[in-house]
Amino acid sequence: MQVENALEGINQAGSSIGILTDEGITFACERDVSSSLLELSKHSEKIFCLDRHVHCVVSGLAADANLLIEVSRVHSQRFRYSYRENIPIQELVRHVCDIKQRYTQVGGQRPFGAAFLFGGWDKTFKFQLYSSDPSGNFAGWKAIAIGKNHVAANSFLKENYQEGMTMTQGLDLAVKALCKTIDTTNPSPDKLEIMYMTKNEAGELVAKTLNEKEVLELLQRNNFQVKQKE
């Protein structure tokens, strides 16, 4: 019952989209703005760097997610200290999910009210995308949506995802799927967070978060009527 309550809370949180392409991974999220008087954070509140080769997206209770993010970072650094290499993505996901599952069984404790999307690269399986829910279950995906209106977004992704997509196509699909979940036909760039991970010409892994101007250009390229700031 507590797991179901946690899942219901996550389904009321801002939507998050993850898409796996041949060139990397794209994340798109809706900022949770509870009041127009609230000063927007200068850093991301939805997308977090766990290590130089893996990022995650959070949907649900930020306080619960922050604890698991810290656990993930420490575990990743301990792995590097012991083995002198980056931790495999699935190993990191499994470690976090083991902790989440444990909290569903221990008396006097409640499940973590946060769902995650993990995206990263390792030398064994290359780019990977995983989702994790409060029960501790996880699964690998080519494209996935969590949070509010995730059913509509997942249906859209299922219909429009194609094998062999480029990063540009992945960004376009991500913003279209995210706008499917937002309760407006005029998305505002400052309410969206979009980032991607790819490899540059030198073969180095790079992660970039789009600024407000770049998000605006992405929306306009996909024929959205963008809500302008007054």
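In every chain, residue numbers begin from 1 and rise along the written sequence. Only residues with pLDDT of at least 70 are given local features in this predicted model, and only at 80 or more are side-chain atom pairs given and counted; all residues enter the totals for whole chains, interfaces and linings. Note: side-chain values were computed over all heavy atoms of the structure, leaving out hydrogens and water.

(A) Expanded view of the overall build of the chain. The secondary structure listing takes helices from DSSP runs of H or I that are at least 4 residues long and strands from runs of E that are at least 2 residues long, numbered from the N terminus. Looking only at helices and strands, one finds 6 helices and 10 strands in the chain. Exposure is judged per residue with a 1.4 Å probe applied to protein chains only, and the accessible area is read against the type maximum: over 50% gives exposed, under 20% gives buried, and values in between give partly exposed. Here the chain holds 230 residues, and the buried ones make up 47% of them. By the convention used here, residues are in contact when the closest approach between their heavy atoms is within 4.5 Å. Of the contacts made within the chain by residues no fewer than 6 positions apart, 65% connect residues no fewer than 24 positions apart. As presented, the chain carries roughly 12,300 Å² of accessible surface, and 49% of it is formed by carbon and sulfur atoms. Shrake-Rupley sampling with a 1.4 Å probe provides the accessible areas, and residues are treated as covered by the protein chains on show and by no other component.

(B) Broad picture of the sheet that holds strand β9 (residues 192–199). The 5 strands lie next to each other as β8-β1-β2-β9-β10, forming an open sheet whose pairing is antiparallel. Both edges of this open sheet fall to β8 (143–146) and β10 (205–209), since each of them pairs with a single strand only. Sheet twist, expressed as the mean angle between neighbouring strand axes with direction ignored, is 10 degrees. Bridge count for β9 against β10 is 5 bridges, and the pairing is antiparallel. Within β10, the residue paired with methionine 195 across the bridge is threonine 209. At least two bridges found by DSSP between two strands is the condition for calling them paired. Between N-to-C directions, angles span 0 to 180 degrees; the directions come from axes that are lines fitted to C-alpha atoms, helices contributing only their stretch in contact.

(C) Seen up close, the packing of aromatic side chains. Only rings of Phe, Tyr and Trp enter the pairing, Trp through its six-membered ring, and a pair is recorded when the two centres are within 6.5 Å. The plane angle decides the type: under 30 degrees is stacked, over 60 is edge-to-face, the rest tilted. What the rule picks out here adds up to 4 aromatic pairs. Ring centres of phenylalanine 116 and phenylalanine 118 lie 5.4 Å apart, and the angle between their planes is 10 degrees; on these two criteria the pair is classed as stacked. By the burial criterion, phenylalanine 116 is buried, and phenylalanine 118 matches it. Only lysine NZ and arginine CZ atoms are considered, and such an atom sits over a ring when it is within 6 Å of the ring centre and within 35 degrees of the ring normal. Seen from the ring of tyrosine 81, arginine 84 lies directly overhead, with NZ or CZ sitting 5.5 Å from the centre. Stacked on the ring of tryptophan 121, the Lys or Arg lysine 199 has its end atom at 3.4 Å from the ring centre.

(D) Up close: the pattern of salt bridges. We count a salt bridge whenever a side-chain nitrogen from Lys or Arg sits within 4 Å of a carboxyl oxygen from Asp or Glu. Summed over all chains, the structure comprises 8 salt bridges. Among the ionic pairs, arginine 110 bridges to aspartate 64, the shortest N-O distance being 2.7 Å. Taken as a pair, arginine 110 in the loop between α3 (89–102) and β5 (114–122) and aspartate 64 in helix α2 (residues 62–83) lie far apart in primary sequence, 46 residues in all.

(E) Spatial organisation of unusual backbone geometry. Despite not being glycine, lysine 126 shows a phi value in the positive range, around 60 degrees. Looking at the secondary structure, you find lysine 126 in strand β6 (residues 126–132). Although it is not a glycine, asparagine 149 adopts a positive phi angle of roughly 55 degrees. With respect to the element layout, asparagine 149 can be found in the loop between β8 and α4 (150–160). Owing to a relative accessible area of 36%, asparagine 149 belongs among the partly exposed residues under this scheme.

(F) Looking closely at the sheet that holds strand β7 (residues 138–140). Read from one edge to the other, the open sheet built from 5 strands follows the order β3-β4-β5-β6-β7, with strand pairing classed as antiparallel. Only two strands of the sheet have a single partner each, and these edge strands are β3 (47–51) and β7. With direction set aside, neighbouring strand axes in the sheet form an average angle of 25 degrees. Taken strand by strand, α2 contacts β3, β4 (54–60) and β5, and its axis lies near 25 degrees from that of β3. Strand contacts of α3: β3, β4, β5, β6 and β7, with the helix running at about 160 degrees to β5, the strand carrying the most contacts.

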